[in-house]
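Structural description and commentary
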There are 2 protein chains.
Amino acid sequence: MADEVVLLDTWASMFGMRVRLALAEKGVNYDYKEQDIENKSPLLLQMNPIHKKIPVLIHNGRIICESAIIVQYIDEVWNDKSPFMPSDPYERAEARFWVDFIDKKTYVTWRKMWLSEGEEHEASKKELISIFKQLEDVLGDKTFYGGDTFGFLDIALITFSRWFYTYETYGNFKMEVECPKLMAWVKRCFQRETVSKTLPDDKKVYDYVFAWEKRLKSNK
Amino acid sequence: MADEVVLLDTWASMFGMRVRLALAEKGVNYDYKEQDIENKSPLLLQMNPIHKKIPVLIHNGRIICESAIIVQYIDEVWNDKSPFMPSDPYERAEARFWVDFIDKKTYVTWRKMWLSEGEEHEASKKELISIFKQLEDVLGDKTFYGGDTFGFLDIALITFSRWFYTYETYGNFKMEVECPKLMAWVKRCFQRETVSKTLPDDKKVYDYVFAWEKRLKSNK
């Protein structure tokens with residue numbers, strides 16, 4: 001029986017992009033159902049009643065939520081090619097630690113910078129840059145976070161690169177200046193067809209965020 | 001070469017208890033270094049510069065942080081006995097989802113209830129109870145969350161039972177009344193020697209929290 005794979009997602013989400021990229025790496029076909037996160041569908045609320053968030057993967061009727069957990073699930077189910085996880089338990093723990101770090105720090109800091117002004121804006125901009133600098137240090141001189149392999153942490157972080165133009169525009173800084181080695185890693189990732197074909201245009205992400213901000217302000 | 005295992009921990013922490021319990025389940029000997037979380041040691045700050053939190057496991061000089069990640073690491077390194085993780089990828093994803101749910105919801109909700117009064121206190125008390133009710137629903141009629149096996153989610157949740165007396169006292173409710181099936185599961189867990197010998201007395205946890213609150217208030 002062929003696998004039935006459905007993804008509830010929103011095109012601009014860096015968390016949703018992780019799942020699309022993981023499925024592309026494994027060569028899995030799926031049915032994509034775009035979700036409006038400002039007006040949640042009954043399907044989304046039914047599939048993820050706990051967090052009410054995209055992405056949600058539905059695999060042969062079984063529901064998996066939370067992007068980092070979905071990516072690990074995809075790695076474990078389609079385990080015949082492109083392993084995401086290092087074979088060494090310590091390296092696996094390290095990859096999980098940094099993905100968890102990204103999940104705890106990045107979105108919340110960006111959101112603070114986006115929606116604040118003055119001192120709070122400046123402080124969260126500084127923090128956002130320092131998060132990426134820390135992640136640049138973790139990469140060191142490796143080709144990918146997974147060493148020679150494009151792995152779990154690579155998948156979890158590269159999707160944020162689609163938001164860098166937005167971060168730069170709202171924060172008035174340049175990632176190329178702040179994190180040149182991380183930006184070289186982004187370019188290496190984009191040499192992979194899975195990455196360049198799966199991830200959306202970064203200017204379109206900015207337009208999406210700009211339009212969203214206008215709606216937020218008009219609803220105040 | 002014998003394994004050198006060191007744990008930086010605080011005795012009353014439900015997150016630290018997870019690691020102690022996981023090590024007990026695997027029969028691993030370790031050197032325990034109690035940490036004062038109100039006055040962090042240079043060792044802790046050096047070992048976990050990112051989050052500056054216990055627990056930290058140091059295994060043959062390699063540092064692992066974040067309790068859920070440490071428990072998975074222990075399961076993967078000492079893999080010859082008592083597997084914590086289900087063999088089915090979907091069940092593994094489910095266990096990870098609920099551990100992540102506990103980590104996102106429980107401590108922050110308890111803290112809000114603990115340190116607030118009036119409406120906020122009542123709302124967070126309701127929320128705390130509803131979290132445990134949801135977890136009770138997940139258990140259903142199974143012996144353990146891992147089915148017949150005392151697994152990852154069992155380890156991650158049972159340590160919170162040492163705080164139930166504290167939650168009840170501050171919130172003026174009874175877990176036995178709110179979540180009788182969950183409390184029956186707690187009793188089953190405590191029939192295991194690893195659990196009953198590893199986890200501390202719940203009244204001592206309350207005394208610890210009460211003394212901590214007094215210090216917080218006198219520092220205001």
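Being a predicted model, the structure only gives us computed values, none of them experimental.

Here we come to the overall build of chain A. Assigned secondary structure in chain A consists of eleven helices and four strands. For 220 residues, the compact-globule formula gives about 17 Å, and the C-alpha radius of gyration of chain A, at 17 Å, lands near that figure. With the C-alpha coordinates aligned to their principal axes, the bounding extent of chain A is approximately 55 × 45 × 30 Å. Put simply, chain A has 220 residues, and 54% of those count as buried. When contacts within chain A are restricted to residue pairs at least 6 apart in sequence, those whose partners lie at least 24 apart make up 69%. Within chain A, the 35 negative side-chain charges are centred at a point lying 3 Å from the centre of the 32 positive side-chain charges.

This brings us to the UniProt feature "domain: GST N-terminal" (unreviewed entry) in chain A. Feature annotation in UniProt assigns "domain: GST N-terminal" (unreviewed entry) to the following positions: residues 3–82 of chain A. Helix and strand shares over residues 3–82 of chain A are 38% and 21% respectively, and the end C-alpha atoms of the span are 18 Å apart.

Here the focus is the packing of aromatic side chains. Summed over the entire model, instances satisfying the criterion amount to 40 aromatic pairs over all chains. Each ring, one from A:W110 and one from A:W163, has its centre 5.9 Å from the other, and the planes form 70°; the classification is edge-to-face. In this pair, A:W110 is assigned in helix α4 (residues 89–115) and A:W163 in helix α7 (residues 161–171), connecting sequence segments 53 residues apart. Considered together, A:W110 and A:W163 belong to a single accessibility category, that of buried residues. Over the ring of B:F84 we find B:K26, and its NZ or CZ is 4.6 Å from the ring centre. B:K203 extends its terminal NZ or CZ atom over the ring of B:Y165, reaching a point 4.5 Å from the ring centre.

Per the UniProt entry, the sites bearing "domain: GST C-terminal" (unreviewed entry) are residues 88–208 of chain A in this numbering. Split by type, residues 88–208 of chain A is 79% helix and 0% strand. Its first and last C-alpha atoms lie 40 Å apart.

Residue and element names in this part refer to chain B. The pairing of strand β1 (residues 5–9) with strand β2 (residues 31–34) spans four bridges and is classified as parallel. Note that in β2 the partner of V6 across the bridge is D31. In this fold, β1 hands off to helix α1 (residues 14–26), which returns the chain to β2; that crossover is right-handed.

Here we take up the relation of the copies chain A and chain B. Mapping chain A onto chain B is achieved by rotating through 180° and translating by 0.0 Å along the same axis, at an RMSD of 0.0 Å. Within this description, the copies of the chain are treated as partners about a two-fold rotation axis. By residue overlap, the copies meet face to face through one surface: 100% of the interface positions of chain A are interface positions in chain B.

With that settled, consider the packing of helix α4 (residues 89–115) of chain B against helix α11 (residues 202–218) of chain B. Residues and elements named next belong to chain B. Direction vectors running N to C along α4 and α11 enclose 60°, while the axes themselves pass 12 Å from each other. One finds that α4 runs oblique with respect to α11. In this structure, α4 meets α11 at a crossing whose hand is right-handed. Where α4 abuts α11, its residues Y107, W110, R111, W114 and L115 lie against V209, W212, E213 and L216. In terms of residue class, the contact of α4 with α11 is built from seven nonpolar, no polar and two charged.

The next subject is the environment of A:Q35. Relative to the elements of secondary structure, A:Q35 occurs in the loop between β2 (31–34) and α2 (42–47). You can call A:Q35 buried: its relative accessible area is 7%.

With that settled, consider the interface of chain A and chain B. With 25 residues of chain A at the contact, the number on the chain B side is 25 residues. Summing the contributions of chain A and of chain B, the shared interface buries around 2300 Å²; its carbon and sulfur component is 63%. For chain A, the biggest contributors to the area lost against chain B are A:I50, A:Y90 and A:F97; these three give 25% of the whole. Linking chain A to chain B there are eight salt bridges. The salt bridge partner of B:K104 is A:E66, with a shortest N-O separation of 2.3 Å. Taken together, the links from chain A to chain B amount to nine residue pairs in polar contact (both at pLDDT 80 or more). Those elements giving two or more residues to the side of chain A that touches chain B turn out to be β4 (62–65), α3 (67–77) and α4 of chain A.

All names here are of chain B. Between the first and last C-alpha of α1 there are 19 Å, a value that for 13 residues agrees with the 18 Å anticipated at 1.5 Å per step. Most of α1 sits out of view: twelve of its 13 residues are buried. Among the residues making up α1, those that are buried are M14, F15, G16, M17, R18, V19, R20, L21, A22, L23, E25 and K26. The N-terminus of α1 is capped by S13, whose side-chain oxygen sits 3.1 Å from the backbone nitrogen of F15. Downstream of α1 by one or two residues, G27 has phi in the positive range, about 70°.

The rules behind these values
- Residues numbered from 1 in each chain as written.
- Chains lettered and ligands numbered in written order.
- Predicted model: local features only at pLDDT ≥ 70, side-chain atom pairs only at ≥ 80, totals over all residues.
- Heavy atoms only, no water.
- Helix = DSSP H or I, 4+ residues; strand = E, 2+ residues; numbered from the N terminus.
- Rg over C-alpha atoms; globule rule 2.2 N^0.38 Å.
- Buried < 20%, exposed > 50% of the residue type's maximum accessible area, 1.4 Å probe, protein only.
- Contact = heavy atoms within 4.5 Å.
- Lys, Arg positive; Asp, Glu negative; His and termini not counted.
- Charge placed at Lys NZ, Arg CZ, Asp CG, Glu CD.
- UniProt positions renumbered as here; feature names shortened; annotations may be inferred.
- Phe/Tyr/Trp six-rings, centres within 6.5 Å; stacked < 30°, edge-to-face > 60°.
- Lys NZ or Arg CZ within 6 Å of the ring centre and 35° of its normal.
- Pairing = 2+ DSSP bridges.
- Right-handed = clockwise from strand over helix to strand, strands pointing away.
- Least-squares fit on C-alpha atoms with pLDDT ≥ 70 in both.
- Axes fitted to C-alpha atoms, helices over the stretch in contact; angles between N-to-C directions.
- Parallel < 35°, antiparallel > 145°, perpendicular 65-115°, else oblique.
- Left-handed = near helix turned anticlockwise from the far one by under 90°.
- Nonpolar A, V, L, I, M, F, W, Y, C, P; charged D, E, K, R; others polar.
- Buried area = accessible area lost by both parts, 1.4 Å probe.
- Salt bridge = Lys/Arg side-chain N within 4 Å of Asp/Glu carboxyl O.
- Polar contact = N/O pair within 3.5 Å; in protein donor to acceptor, adjacent residues only side chain to side chain.
- Expected span 1.5 Å × (residues − 1).

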